[in-house]
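# A look at the structure
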Amino acid sequence: MPEPSYFPLNVLESPAPKSTGSLSSKWPSIGDSYPPFLADTTGSEEPPDWGSSMYLAPLRPQLYQRGPTANPRQSLWRMTRTPLQLALLPLAAIGYLAFCYTVHGKVVPVNTYGIYSVTPQHLATIKGAITSISIIIISIALYPIYDILNSLKSEEFFHVLSSHSHGVPLETINHISSPSFGTIDAMIAFWRRTCSNHYSMGFVASLLVWAVATLAPGALTINSVLADGEMMAFAIGAVLPQSVLNGSSYLDPAFNASMNSEMAASIAWAEMDLGVQYSFGIVNTSAPDYVAYIVPIPLDLASTTSARWLTDVIGINPSCSWAFTNLTRPFNSASSDLIATAFLLDFNLDVDVTKYLSTFGSTAFASVQSPLSGVRNHTTQTPPTDGSTVFFLGQCLSGCSLPMSVNFTLDLTDLPTFTIEMSNQTWSMATLVCMPNITIETREVRNEGHGLLEVQPRPATGQLAQQGNLHPVQTTFLFSIATSSLTLSGGPMTVNRSDYLALGSQVQAEVLYGKQQWEGLPGLGAPEGTNVTITPAPLEGIVKGYTHIIQSAAKSYLAGYLGTAYVPGRVSTTEIIFSSSIPNVVVSTVIFTILTVLIVLAQFRPGKGMEFTLINVAAAFHGSELPAQFAQMKAEQMTDFVPSVMGDHKGVQQDIAEMLRERKIFLQRRPDGSGVLHIS
């Protein structure tokens, strides 16, 4: 196949090709005659001659005639379009961001004005609608930027030629002029610095547009919050005057209260060992004044209902210690049930020591002393009003039978003890006293719908009005009653622990000796005659267990057993409100500010309006050798074009670009300021 013959490019270095006779067959001359228009040849016998002069046909005079006067509305739109575009971005952005900042610091409910039901069940649907509306608003705000970016892309053909006076490689200008010049091509051009400064600015702006279009719609969302309902009266448990102690006959109400002590001990066992929550739970707080709170239980409030109310609550700082007594020598009483009365020096309490302390036929025992009969205030000789719980721990020193397969011994070493003698037996006794150390305060209590009561901190200013549902003296003595049945009713001993029945219930044993030690003791399968030494737990562990006991045991009394009081409160309802993410809002604000500055600067860019249009491209090609040269090269390439072998027409174009890859396209200015394209 013969080599195609092209017009030598070295003669194209001049701004305009010369008319030479030898080249007239290859290249059209500017002086050639111009062909008539199709309308002028209608009816002629021969078709017009579209020979070599088809590239530089003169313009018909009638094309220069002015059209009718422009429509006033069109003129008005041309005048106002640019100001409107300049105002659209900041106005839409300011409105959207201002609303986001507002809902961050203020509660703004979602109101659909009856179009759609605003309920928690429809939260996902409403949230999706809000996101869609946000995307629409952001898209409207970014419309001027998109318009300018499109204009910069269209103007890049002339911008890059104007900014490179020595010419632009054909490959580069060919890519830029292609409508398929996409994001990846733009990134490559930006990285290789083969684009103009305007396009570089536009590329940076496109990245900012992508960022803000991603972040800004996520800045605004909705959440469900709890809102207060109307004020109403809440029925809660109360400890009323003379409900536990009565000045004239204290045994009657106290006996009534003690009948519920077995229930109180069972609740402690269920919550501490079985992990079953009775009624409402109480959130542990890190309040510096109290270890824990005890809260009267609302009687008619479901655990799933969110509400808040005012009530008197009990703050506790429990403490336990081994008591010193006034008994310094062994006591023996053969005729009386009462062996001795121990005066607990540090607690101002008298505790009776009787023959019936150990009735289990064991070598050791532990029991709680009844506040109604065995414990008295040393000064007044009345039941103690300090809420104390007194434990007796005894170890037989001599004269005791050993009927069990496991012989256990309580190690009372280093504890304050006293000795008693009864029925030919000698016992060493230790006394443990635990105090609740309560303080009654009025606080706001909240239930968030999870069955957990949360005591709110004290108000920063002022005091809450006392509700009076917890009588101070009656409430304090109640703690002595609530723990009085702990020895027998604080959970049954398992069969494997039947040898240790004398040490009390499961809850009592785990508190006094530690759960780990208690669970590790040998059971029924131990060899006959196994000896075990049991050591009381450290006081820190005992205090922690005692705290759990009184928190659980008090629930049976503060759930209306001793009385009911009414306190003010509000039931909360769920409300849907707007919310915003401040980090997203702040970043979006910065980006919108930068884009606003860029859109203003873009209005004053040089070469504005020189877009890649037919009019501008045709004007740039007037007087250029490029149309004829490229047309000739493409025509000769197409002569041997076989689609099934060579692919599509794009391959022909790439072949031409490859042949001219070392050449550069430059824009030469005419005296009148217009440009004409040439190839170096």
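Presented here is a report on the structure given in the accompanying data block. Treat the numbers as computed from the prediction; the structure is a model and nothing was measured. (Residues numbered from 1 in each chain as written. Predicted model: local features only at pLDDT ≥ 70, side-chain atom pairs only at ≥ 80, totals over all residues. Heavy atoms only, no water.)

In this section: the overall build of the chain. The secondary structure content of the chain amounts to 17 helices and 21 strands. Scored against the burial criterion, the 680 residues of the chain give a buried share of 44%. A fraction of 75% describes how many contacts in the chain between residues 6 or more apart in sequence connect residues 24 or more apart. For the chain, the computed accessible surface area is about 35500 Å², with 58% contributed by carbon and sulfur atoms. (Helix = DSSP H or I, 4+ residues; strand = E, 2+ residues; numbered from the N terminus. Buried < 20%, exposed > 50% of the residue type's maximum accessible area, 1.4 Å probe, protein only. Contact = heavy atoms within 4.5 Å. Areas by Shrake-Rupley, 256 points an atom, 1.4 Å probe, with all protein chains shown as cover.)

Here we take up the nonpolar core. The biggest cluster of nonpolar side chains holds 57 residues, and the ones touching the most others in it are Leu393, Tyr500, Leu503, Tyr513 and Ile534. For this core, the leading source of residues is helix H12 (residues 539-553), giving six residues. Residues in contact with Leu503, not counting those within four places in the same chain, are Ala364, Phe365, Ala366, Phe408, Leu410, Gln508, Ala509, Tyr513, Trp518 and Ile534. Counting 36 residues, the second-largest nonpolar core is a separate cluster that includes Cys100, Ile130, Ile591 and Ala602. (Core = buried A, V, L, I, M, F, W, Y, C linked by side-chain atoms within 4.5 Å.)

Strand order in this open sheet of three strands is E1-E20-E21, and the pairing throughout is antiparallel. Taken across any chain shown, the strands that pair with only one partner, and hence form the sheet edges, are strand E1 (168-169) and strand E21 (675-679). By the bridge criterion, five bridges tie strand E20 (residues 664-669) to E21 in an arrangement that is antiparallel. Residue pairing for E21: Ile665 is matched across the bridge by Ile679. (Pairing = 2+ DSSP bridges.)

For the pair helix H2 (residues 123-163) and helix H5 (residues 197-215), the least separation of the axes is 9 Å and the interaxial angle reads 155°. By the criterion of interaxial angle, the relationship of H2 to H5 is roughly antiparallel. For the element pair H2 and H5, the recorded crossing hand is left-handed. Packed against H2, whose contacting residues are Ile138, Leu142, Ile145, Tyr146, Leu149, Leu152, Lys153, Glu156 and His159, the element H5 presents His198, Tyr199, Gly202, Ala205, Ser206, Val209, Val212 and Ala213 at the interface. A breakdown of the residues in the contact of H2 with H5 according to their chemical character gives eleven nonpolar, four polar and two charged. (Axes fitted to C-alpha atoms, helices over the stretch in contact; angles between N-to-C directions. Parallel < 35°, antiparallel > 145°, perpendicular 65-115°, else oblique. Left-handed = near helix turned anticlockwise from the far one by under 90°. Nonpolar A, V, L, I, M, F, W, Y, C, P; charged D, E, K, R; others polar.)

Each regular strand displays side chains that alternate between the two surfaces of the sheet. Burial along strand E14 (residues 417-422) is one-sided: the face carrying Phe418, Ile420 and Met422 is buried and the face carrying Thr417, Thr419 and Glu421 is not. Relative to E14, strand E7 (residues 331-332) runs parallel, the two sharing two bridges. When the bridges of E14 are listed, Asn332 appears paired with Glu421. Between the end of E14 and the start of strand E15 (residues 425-435), which pair antiparallel, lie two residues, with Ser423 showing a positive phi angle near 50°.

This next bit is on the packing of aromatic side chains. The full count for this structure, using the stated rule, is nine aromatic pairs. Aromatic pair Tyr290 and Tyr293: ring centres 5.6 Å apart, planes at 65°, arrangement edge-to-face. One exposure class covers both Tyr290 and Tyr293, and it is buried. Arranged with centres 5.8 Å apart and planes meeting at 85°, the rings of Tyr557 and Tyr561 form a pair that is edge-to-face. Tyr561 gets classed as partly exposed once you look at its relative accessible area, which sits at 33%. Taken together, the aromatic side chains of Phe408, Tyr500, Tyr513 and Trp518 make up a single cluster linked through ring pairs. (Phe/Tyr/Trp six-rings, centres within 6.5 Å; stacked < 30°, edge-to-face > 60°.)

Moving on: the environment of Ile222. For Ile222, the location among the structural elements is in strand E2 (residues 220-237). Spatially, the C-alpha atom of Ile222 lies 9.8 Å from that of Val108, the residues being 114 residues apart in sequence.

All right, on to the sheet that holds strand E8 (residues 338-344) then. Strand order in the open sheet made by the three strands is E8-E9-E11, with antiparallel pairing throughout. Among the strands making up the open sheet, the edge pair consists of E8 and strand E11 (375-377). Sheet twist, expressed as the mean angle between neighbouring strand axes with direction ignored, is 25°. With six bridges joining them, E8 and strand E9 (residues 349-354) adopt antiparallel strand pairing. Following the sheet pairing, Ala340 is matched in E9 by Val353.

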